Amino acid sequence: ACIDASLTPVLGRYLDGLGGRAEAAGLPAPAIMQSNGGVIPIADAARHAAWTVLSGPAAGVIGATWLARRAGEERVLTFDMGGTSCDVALVEGEPARTAEAVIAGHPLHLPMLDVHTVSAGGGSVAWADAGGALRVGPRSAGARPGPAAYGLGGSEPTVTDANVVLGRLPLDEALGGAVRLDAERAAAAVGALAAEVGLDSVACAEGILAVAVHEMVRALRVVSVERGVDPRGMALVAFGGAGPLHACQVAEELGMRRVIAPGAAGMLAALGLVVAGERQDRVQSVLLGAGERDRLARWIDDLRTAAATELPGAELELAADCRYAGQSHSLTVAVDPDRLEALGERFHEAHRRRYGDASPGRPVEVVSLRVGAHRPGAEPDLAGGPPARVVDGPALVPMDGATCWVAPGWRAEAGADGGVVMERR
């Protein structure tokens, strides 16, 4: 309620103006991405800004899931690194979802994709703490003045500057067609920090990247290992302007052997908006025993009817927030309305996977029932990639809106849709 009350007047004014301009131009009313990975009419978003707080990262996850599926990968970790932050998520067929999060210190209890964010981006500033140890972030140089290499007045060393020093960014062409990197300014910024911590510039640059990668790996472990999922054997989908640049090092730290860098890496969230489709979520508190099948069935029928009325023809997903009697926290498990008797066992399995144990003899409570109604989005026909070619690392592979670094010990070849697929040799 607090987040909605704070943000809705601001977002509402903007969206009302946007809708008015679209109408005046003869364009359809825009649809707005929600944190749950689906779009809603602009008028609904203008009334409930809290539904959209993670809209950008959610769109990226949806785009990554769609492209991973086209590449034959159902189980992936998504890795979205931009200029100021890194957003990660787990996908096992479908993106992981959650019903609660903490945004800027405020708890938010709404259906959303389970996206974890850390302050590690290309513009994150590197510095030395009181003990002389290297640190990266959370402060960012932003777009202006940006990294020292941008030549826009920035003088502090950033992750981007470290990549320039190590030769992992192109100097002979402008990034995004607009920013030409200045290697001398980057070297000066990193060199000043190197002198402070007693390292040469190359070692300092390597240290900056190592610290940044550690933060990103920690975030990926939160959505995988801490959820009971082993990332080894999964693929890493790396996007954002800086994702493919650091993907090999991140994958190595997690024991992963395959990286997919989409051709649209620099603008994957935009693709996610196209393919997302409409989505509505409803939740009903019930606080019933898992064995009370008749009462659960009545609530489920009511929720399904309401969801079908709001979004006719939609596919419905059912879930329940369950817990052991006496617990204060719950886990969300999928519900098969034709096999409600299996709900308790599904919760035991989910509890064992998340926490390493289960108590089949303990009664299970259903705290809430959830239904998600989803109508699929578009299926764009993306242009195919360039002819397949094999590149052994170390190598720099330019991409549209991003840069891909093939680390030593890795091999890259052109993937579908203009992307790059990298595998450890």
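Just above, that's the structure.
Residues numbered from 1 in each chain as written. Predicted model: local features only at pLDDT ≥ 70, side-chain atom pairs only at ≥ 80, totals over all residues. Heavy atoms only, no water.

1. What about helix α3 (residues 55-70)?
Residues three or four positions apart in an α-helix share a direction because the helix packs 3.6 residues into each turn. Helix length check: α3, at 16 residues, gives a terminal C-alpha distance of 23 Å against a target of 22 Å (1.5 Å per residue), a fit within 8%. Within α3, 12 of the 16 residues are buried, leaving the element largely enclosed by the surrounding structure. Taken together, the buried positions of α3 are occupied by Pro57, Ala58, Ala59, Gly60, Val61, Ile62, Gly63, Ala64, Thr65, Trp66, Leu67 and Ala68. Positive backbone phi, approximately 85 degrees, marks Gly72, located one or two places after α3. (Helix = DSSP H or I, 4+ residues; strand = E, 2+ residues; numbered from the N terminus. Expected span 1.5 Å × (residues − 1). Buried < 20%, exposed > 50% of the residue type's maximum accessible area, 1.4 Å probe, protein only.)

2. A word on the nonpolar core
Judged by nonpolar contacts, the single largest core of 86 residues is most densely connected at Leu77, Phe79, Met216, Leu236, Val250 and Met422. Sorting elements by how many residues they give to this core places helix α6 (residues 201-223) first, with 11 residues. Not counting the four nearest positions on each side in its chain, Met216 is found in contact with Phe79, Met81, Cys86, Val118, Ala120, His246 and Val250. Among the nonpolar cores identified, the runner-up in size contains 24 residues, and Ala314, Leu331, Phe347 and Leu369 belong to it. (Core = buried A, V, L, I, M, F, W, Y, C linked by side-chain atoms within 4.5 Å. Contact = heavy atoms within 4.5 Å.)

3. Overview of the pairing of strand β23 (residues 420-424)
Sheet topology places strand β14 (residues 258-261) next to β23; 4 bridges connect them, and they run antiparallel. Following the sheet pairing, Ile260 is matched in β23 by Val421. Here strand β22 (residues 410-414) folds back onto β23 in antiparallel fashion, the turn holding 5 residues, of which Asp417 has a positive phi close to 60 degrees. (Pairing = 2+ DSSP bridges.)

4. So, the side chain of Thr78
The topology assignment puts Thr78 in strand β3 (residues 75-81). Of the residues examined, Thr78 reaches a relative accessible area of 0% and is grouped as buried. Each residue touching Thr78, except ones within four places of it in the same chain, is listed here: Val61, Ala64, Asp87, Val88, Ala89, Val91, Leu220, Val237 and Phe239.

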